[in-house]
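Residue-level structural notes
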Amino acid sequence: MRDAYLVGAAQTDFGSFPDESYRSLFRTAFEGTRDSVPADIDPDDVDEAFVGTLGVGGRQLGLSGPAVTEHVGLDGIPCTRVENACAASGYAVRQAVQAVKSGMADVVLAGGVEIMTDTSSDATKYWLGVSGETEWERLSGTTFAGVYAQMADVHMAEYGTTGEHLSRVAVKNHANGAKNPHAHLGFKCSLEDAQNAPVVADPLTLYHCCPTTDGAACAVVVSEDVVGEYTDDPIRIAGVGAASDRVGLFQRDSYTSVPASRKAAERAYEMAGVTPEDIDFAEVHDCFSIAELLAYEDLGFCEPGRAGNLVESGVTELGGDLPVNTSGGLKSKGHPIGATGAGQIVEAYKQLSGEAGDRQVEGATRGLTHNVGGSGGAAVVHVLERERAREVGA
């Protein structure tokens, strides 16, 4: 199969935008992506598109993919809407890679969009709930925060993880988000802020939970046959892994691991020919602080039960040996469900292009993105590497 390369990626600001539509947000992300490609890319170059969205609030559930691609001038190309809950656009990127690797397309647009802030709190809870098991979890009153609170409870009981560990994730990600002009919650928080905030679902406080967010993000994936037309410093998508699992948390054997994440990571590492020790930075799915701690373990960054120690050590801070969520993560940058996975790719593109500003990881040549649907019903992992830097041993 042919190699696939990332040649451009961009996002809108993430936040609350009552004057924007899902079409206008997608246009902003698309135009920013065009501008990010070193050599200009014409819409006529695009062979296919994949668009991730959940459709919060019920807007344009049918044909929402073609609705946004037509709006930005991609007339006539095949466009597929991808819905895999919070992993929707992570899977859209995976589909773009598959289309390129298979030889069916040379230039593919992958992206996502979501508007979440124009519905009532009750309606938003409903749309978040559909990403869980609807028959037993949602209809019995379990919230999304409640499901992750159960995971946190068990991890604390089994491994001695503490509320302070959860809060340290929030403090770190807010510190990074404060350096990201696109972040929804672009401000710092203290350890005391996070620990003493109102409880949402014990032991999770408000600062342990990501916001509901509007936003869009896009990326352009191209084949090895045409990459030279767009850049002379390519970023190779070296590994892709995906997996699914039982949708309901109560259906799984463990509350302290997300098996789909673990399997997706193993497959991505194998395809890329790397190990967790080879990763310079990572964007992981921290919809709740406990989710980031679970990701450390599932992605192989530490042994099971050691995630609290890892975040306490400072290893995952900006400037540490393995910075995680330099963008601010879902916790600070925001979580527009359908755009989140593509937004992670945007941060990886900036880091590997040396364009992350105050968040730049020095000497970064290889990064990982990790996007989860629901409480772990689906997961997708990408390993990306800056090819020129890798070849010269930078």
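Coordinates for the structure precede this section.
This section reports on the structure supplied with the text. On a predicted model such as this, the values are computed, not experimentally measured, just so you know.

1. Considering the packing of aromatic side chains
- Summed over the entire model, instances satisfying the criterion amount to 3 aromatic pairs.
- Note on Phe144 and Tyr148: the rings are 5.8 Å apart at their centroids and 85° apart in plane angle, and the pair reads as edge-to-face. Of this pair, Phe144 and Tyr148 are both found in helix α6 (residues 144–159), 4 residues apart, which corresponds to roughly one turn of the helix.
- Classification of Phe144 as buried rests on a relative accessible area of 13%.
- Relative accessible area serves as the criterion here: at 2%, Tyr148 is assigned to the buried category.
- Between Phe144 and Phe288, the aromatic rings sit 6.4 Å apart at their centres with planes inclined by 70°, giving edge-to-face as the arrangement. Remark: Phe288 occurs in the loop between β9 (281–283) and α10 (289–298) and Phe144 occurs in helix α6; sequence separation between them is 144 residues.
- Overall, the relative accessible area of 7% leaves Phe288 in the buried class.

2. Observations concerning α6
- Along its 16 residues, α6 runs 23 Å from first to last C-alpha, staying within 8% of the 22 Å computed at 1.5 Å per residue.
- Where α6 is concerned, the buried positions are Phe144, Ala145, Gly146, Val147, Tyr148, Ala149, Met151, Ala152, His155 and Met156.
- After α6 finishes, the residue Gly160 shows a positive phi value of roughly 80°.

3. Some points on the pairing of strand β4 (residues 107–114)
- With 8 of 8 residues buried, β4 lies mostly within the body of the structure.
- Side chains Val107, Leu109, Gly111 and Val113 project from β4 onto one buried face, and the interleaved Val108, Ala110, Gly112 and Glu114 project onto a second face that is buried too.
- Pairing of strand β2 (residues 48–52) with β4, which is carried by 5 bridges, proceeds in the parallel orientation. The residue bridging Val51 from the neighbouring strand is Gly111, located in β4.
- As paired elements, β4 and strand β7 (residues 215–223) share 8 bridges and run antiparallel to each other. When the sheet's bridge partners are listed, Gly111 is paired in β7 with Cys218.

What counts and how
- Residues numbered from 1 in each chain as written.
- Predicted model: local features only at pLDDT ≥ 70, side-chain atom pairs only at ≥ 80, totals over all residues.
- Heavy atoms only, no water.
- Phe/Tyr/Trp six-rings, centres within 6.5 Å; stacked < 30°, edge-to-face > 60°.
- Helix = DSSP H or I, 4+ residues; strand = E, 2+ residues; numbered from the N terminus.
- Buried < 20%, exposed > 50% of the residue type's maximum accessible area, 1.4 Å probe, protein only.
- Expected span 1.5 Å × (residues − 1).
- Pairing = 2+ DSSP bridges.

Note that all results are geometric; they support no functional claim without further evidence.
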